Amino acid sequence: EADIYQTPRYLVIGTGKKITLECSQTMGHDKMYWYQQDPGMELHLIHYSYGVNSTEKGDLSSESTVSRIRTEHFPLTLESARPSHTSQYLCASSEYGDRAFFGQGTRLTVV
Amino acid sequence: SQQGEEDPQALSIQEGENATMNCSYKTSINNLQWYRQNSGRGLVHLILIRSNEREKHSGRLRVTLDTSKKSSSLLITASRAADTASYFCATDAGGSYIPTFGRGTSLIVHP
């Protein structure tokens, strides 16, 4: 149902590597979000965007960065991955005041 | 801190029984949403209820909202084993329209 895609689905990388998690949506939504979720735990908002060239940090402090050069694309980058970054990262998009659509998530493991 | 808090944290019932989950929040909202998450996957939207609504139905789902008590409940009637999942409420505190999630309720329905 949801036209929002995340790649890769799973990623295992070594400490110190730079990684980019991709998120794309085809619904033309202005608002996009990144959440971090540990297994069985709550979702923490780490970044969001109101539209092109808009990016804001969320409630949870994160060493990641995001960009929003195109409406449909909202990638998340970790410059130097650490084991503490091991988690699931969920991307979502929505219209104002409406339901959010989620991607399937990227499960990241840093060894 | 999280805006919404679900209760109970875990619920185990038999197929055919009803399941009720509650959500409490702290500040005024524009709307409240319920989502479902199957293990290790993205979230799927179930119902959105606006602050001026008191009750909404969708199939076997019934959601109520009491803004005076800052609480909502999700009722799943005649539960099925396939309803086994985690259920999250999300609010958009302070007019930000940014979905903020609680810890979720883990529901297990035994066949």
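Residue indices follow the written sequence of each chain, beginning from 1 at its first position. Chain letters start at A and ligand numbers start at 1, both assigned in the order the entries are written. Per-residue local features are limited, in this predicted model, to residues with pLDDT of at least 70; the limit for side-chain atom pairs, both in listing and counting, is 80 or more; totals at the level of whole chains, interfaces and linings are taken over all residues. The side-chain figures draw on all heavy atoms in the structure; neither hydrogens nor water molecules are used.

K.L.:
Just to check I follow, could you spell out the overall build of chain B for this structure?
P.N.:
Helix and strand definitions here come from DSSP, where helices need a minimum of 4 consecutive H or I residues and strands a minimum of 2 consecutive E residues; each element is numbered from the N-terminal end. Scanning chain B from N- to C-terminus turns up zero helices and eleven strands. In summary, chain B has a C-alpha radius of gyration of 13 Å against a globular reference of 13 Å for 111 residues, a match within 12%. For chain B, the spread of C-alpha atoms along the three principal axes comes to 40 × 25 × 20 Å. Per-residue accessibility, obtained with a 1.4 Å probe over protein chains only, is compared with the maximum for each type, and a residue is labelled buried under 20%, exposed over 50%, and partly exposed between these values. Expressed as a percentage of the 111 residues in chain B, the buried residues total 45%. For this analysis, residues touch if any pair of their heavy atoms sits within 4.5 Å. Contacts spanning at least 24 positions in sequence make up 55% of the contacts within chain B whose residues lie at least 6 apart. Here the open area of atoms and residues is found with the Shrake-Rupley method and a 1.4 Å probe, where only the protein chains shown may cover a residue. When the accessible surface of chain B is summed, it comes to about 5,000 Å², and 46% of that surface belongs to carbon and sulfur atoms. In this count, Lys and Arg are taken as positive residues and Asp and Glu as negative ones, while His and the chain termini are left out. Every charge is mapped to an atom, namely NZ of Lys, CZ of Arg, CG of Asp or CD of Glu. Side chains of chain B carry 12 positive and 10 negative charges; the gap between the two charge centres is 4 Å. As defined in this context, the radius of gyration uses C-alpha atoms, and a globule is described by 2.2 Å times the residue total to the power 0.38.

K.L.:
In this structure, what is going on with the state of the cysteines? I would like to understand it.
P.N.:
Linking two cysteines covalently via their sulfur atoms produces the bond known as a disulfide. Any two cysteine sulfur atoms within 2.5 Å of one another count as a disulfide. Per the stated rule, a full pass over the model turns up two disulfides over all chains. Between the sulfur of A:Cys23 and that of A:Cys91 lies a disulfide, 1.9 Å long from S to S. Of note, the bridge from A:Cys23 to A:Cys91 carries an S-S torsion of about -75° and is left-handed in sense. Residue A:Cys23 is found in strand S3 (residues 19-25), and its partner A:Cys91 is found in strand S9 (residues 87-94); the two are separated by 68 residues along the sequence. A:Cys91 matches A:Cys23 in its accessibility class, with the two residues each being buried. Linked covalently through their sulfurs, B:Cys23 and B:Cys89 form a disulfide whose S-S length is 2.0 Å. Between B:Cys23 and B:Cys89 the disulfide shows an S-S torsion of about 65°. By sign, it is right-handed. Of this pair, B:Cys23 sits in strand S3 (residues 19-25) while B:Cys89 sits in strand S9 (residues 85-91), and the two are 66 residues apart along the sequence. In this pair, the class of B:Cys23 matches that of B:Cys89, namely buried.

K.L.:
How should I be thinking about the pattern of salt bridges in this particular structure?
P.N.:
Pairing of side chains with opposite charge becomes possible as their charged atoms draw close. Residue and element names in this part refer to chain A. Salt bridge, as applied in this entry: a Lys or Arg side-chain nitrogen positioned within 4 Å of an Asp or Glu carboxyl oxygen. Considering all chains together, one arrives at eight salt bridges over all chains under this definition. Across the pair Glu-79 and Lys-18 runs a salt bridge, and its minimum N-O distance is 3.9 Å. Of the two residues, Glu-79 is situated in the loop between strand S8 (76-78) and S9 and Lys-18 in the loop between strand S2 (10-13) and S3; the sequence distance between them amounts to 61 residues. Overall, Glu-79 belongs to the partly exposed group, its relative accessible area being 49%. You can call Lys-18 exposed: its relative accessible area is 56%.

K.L.:
How should the packing of aromatic side chains be read in this particular structure?
P.N.:
What describes a pair of aromatic rings is the distance from one ring centre to the other and the angle between the planes of the rings. Any two rings among Phe, Tyr and Trp, with Trp reduced to its six-membered ring, count as a pair given centres within 6.5 Å; such a pair is stacked if its planes are under 30 degrees apart, edge-to-face if over 60, and tilted if neither. Taken as a whole, this structure holds eight aromatic pairs over all chains when the rule is applied. Residues A:Tyr48 and A:Tyr50 carry aromatic rings whose centres are separated by 5.6 Å and whose planes lie at 85° to one another, so their mutual orientation is edge-to-face. Here A:Tyr50 falls in the partly exposed class, since its relative accessible area comes to 30%. When the centroid spacing of 6.5 Å and the interplanar angle of 80° are considered together, the rings of B:Phe88 and B:Phe101 count as edge-to-face. Of this pair, B:Phe88 sits in strand S9 while B:Phe101 sits in strand S10 (residues 100-101); the two residues are 13 residues apart in sequence, bridging distant segments of the chain. Of the two residues, B:Phe88 and B:Phe101, neither departs from the other in class, the shared state being buried.

K.L.:
Help me understand the environment of B:Gln37 in this model?
P.N.:
With respect to the helices, strands and loops of the structure, B:Gln37 is situated in strand S4 (residues 31-37). In this structure, the C-alpha to C-alpha distance between B:Gln37 and B:Glu55, residues 18 residues apart in sequence, is 22 Å. When sequence neighbours within four positions are dropped, the list of residues in contact with B:Gln37 reads A:Gln37, A:Gln88, A:Leu90, B:Gly42, B:Leu43, B:Ala85, B:Ser86 and B:Phe88.

By themselves, these are just geometric observations and shouldn't be taken as functional.
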